[in-house]
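Chain by chain, the residues:
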Amino acid sequence: MSKITRRNFLGKSVQASVGVGLIGVGQTACSQTISSTESKGITVLSTWNNHKANKAAWSVLQNGKSALDAVEAGVRVPEADIEDRSVGYGGRPDRDGNVTLDACIMDEKGNCGSVCFLQHIKHPISVARKVMEETPHVILAGEGAYQFALSQGFKKENLLTEKSRQEWEEWKVKSKYQPIINIEQHDTIGMLAIDQNGNMSGACTTSGLAYKLQGRVGDSPIIGAGMFVDNEIGGAVATGMGEAVLRSLGSFLVVELMRQGRSPMEACKEAVMRIVKKQKYQDIQVGYLALNKAGEYGGFAIQKGFNCMFSQQNEHQLIDVDSHLKK
Ligand code: ASP
């Protein structure tokens, strides 16, 4: 039976947990392709305490299906969860009361699809997959994305729950726009998975920052910012203040750093430190997770409080991610 455990997620413990085969910081393994013989089997990694999502993805992989099917099935769980206030149905609205959704998906061949500023559709990740598979495009936005979703058989739904509407009414009294770091139930989900053939895919889906300006699009639907996969190397996902991730194209950066020989943790740390060096970072959170082709994972964040779910060898672990600021 699988179990959930919790442990620290520092550099050392990562090495301890994944054993040998980490690519050291000092090594210059340019364009390194990690052989699948080093694989640790099917693997799922996702942002925050998304254990139900990981388990859903895990059972898809156990049934021999692809990493692409797994990440889609996995992130659909929080998309449909009314209690999840940062993703899909139940997500917090923009400052005009509209729930607007961003999502993207990428497979092992480098195919990708994305939707942004999508309204009234509960599962933006599945629309993003349709964009990837049924159109010659990568991104569809707003009304066009919505009309495309309807044409593909998705149903119009009201995504603004009573709880979110009430909170928004209360927020309007002061109308102060101030993103909250590690907000409770902060579950923008980025997920990476490796299937039994050793192939990797990724997905990312969110309702974005609560009370954002209407039309605001974050990092989550932008390939290379909120998520990126290169099946030769590995993948990365981001969560937190999307603007900071967009300015540094963070997930692409993490994967390219792994290509140059960094371990997943070192690559995430370097990407965080780029933000720390060049942007105002004190009052925002950004967290990265990375998974390489050998099934080794790592993460790093600006602020304390970021965690992730890691599933491998039939264990599901909730892991605290190390951070630049320790308090
Ligand atoms: N990255 C998301 C965005 O900026 C939000 C988040 O992860 O909290 O839309």
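Everything discussed here concerns the structure shown above.
In this text the structure is predicted, and so the values were computed from the model without any measurement.

Peer 1: Teacher, can you tell me more about the pattern of salt bridges here?
Peer 2: Pairing between side chains of opposite charge can happen when the charged atoms of each approach one another. Counted under the stated rule, the structure contains 17 salt bridges. We note a salt bridge from Arg 274 to Glu 270, for which the minimum N-O separation is 3.5 Å. Here Glu 270 and Arg 274 lie together in helix H9 (residues 264–278), a separation of four residues that amounts to about one turn. Residue classification places Arg 274 among the partly exposed positions, given a relative accessible area of 34%. In this structure, Lys 326 engages Asp 322 in a salt bridge whose closest nitrogen and oxygen atoms are separated by 2.8 Å.

Peer 1: How do you make sense of the nonpolar core when you look at a structure like this?
Peer 2: Generally speaking, soluble globular proteins have nonpolar side chains that are buried together. Leu 45, Val 254, Val 286, Tyr 288 and Leu 291 are the most contacted members of the largest nonpolar core, which totals 49 residues. The element contributing the most residues to this core is H9, with seven residues. Aside from chain neighbours lying at most four places away, what touches Val 286 is Thr 239, Gly 240, Met 241, Ala 244, Val 245, Val 272, Ile 275, Phe 300, Ala 301 and Ile 302. Val 60, Met 132, Ala 145 and Phe 148 belong to the second largest nonpolar core, which has 33 residues in total.

Peer 1: Just to check I follow, could you spell out the pairing of strand S6 (residues 189–194) for this structure?
Peer 2: A regular strand places its side chains so that they alternate between the two faces of the sheet. Most of S6 sits inside the fold, with six of its six residues counted as buried. A two-sided burial pattern is seen for S6, the buried positions comprising Ile 189, Met 191 and Ala 193 on one face and Gly 190, Leu 192 and Ile 194 on the other. Note that strand S2 (residues 43–47) and S6 share four bridges and pair antiparallel. Residue pairing in the sheet places Ser 46 in a bridge with Met 191 of S6. Two elements, S6 and strand S7 (residues 200–206), share six bridges in a ladder whose sense is antiparallel. Residue Ile 189 lies in a different strand from S7, and its bridge partner there is Thr 205.

Peer 1: How do you make sense of the state of the cysteines when you look at a structure like this?
Peer 2: In protein chemistry, a disulfide is the covalent bond that joins the sulfur atoms of two cysteines. In this structure the tally under the stated criterion is zero disulfides. Take Cys 308: it sits in no disulfide, and the sulfur closest to it among the cysteines is that of Cys 268, at 9.5 Å. Since its relative accessible area comes to 0%, Cys 308 is described here as buried.

Criteria and thresholds
Residue numbers here run from 1 along each chain, matching the order of that chain's written sequence. For a predicted model such as this one, the threshold for reporting local features is a pLDDT of at least 70, and the threshold for listing and counting side-chain atom pairs is 80 or more; totals across whole chains, interfaces and linings nevertheless cover every residue. In computing side-chain properties, one takes all heavy atoms of the structure into account and sets aside hydrogens as well as water. A carboxyl oxygen of Asp or Glu within 4 Å of a side-chain nitrogen of Lys or Arg is what we treat as a salt bridge. Put simply, DSSP H or I for four residues or longer makes a helix, DSSP E for two residues or longer makes a strand, and each gets a number counted from the N terminus. Think of it in three bands: with a 1.4 Å probe and only protein chains considered, a residue is buried below 20% of the maximum accessible area for its type, exposed above 50%, and partly exposed in between. By nonpolar core is meant a set of buried Ala, Val, Leu, Ile, Met, Phe, Trp, Tyr and Cys residues that side-chain atoms within 4.5 Å join together. The contact rule is simple, with two residues in contact once any of their heavy atoms fall within 4.5 Å. Note on pairing: two strands pair once DSSP finds at least 2 bridges between them. Any pair of cysteine sulfurs within 2.5 Å is marked as a disulfide.

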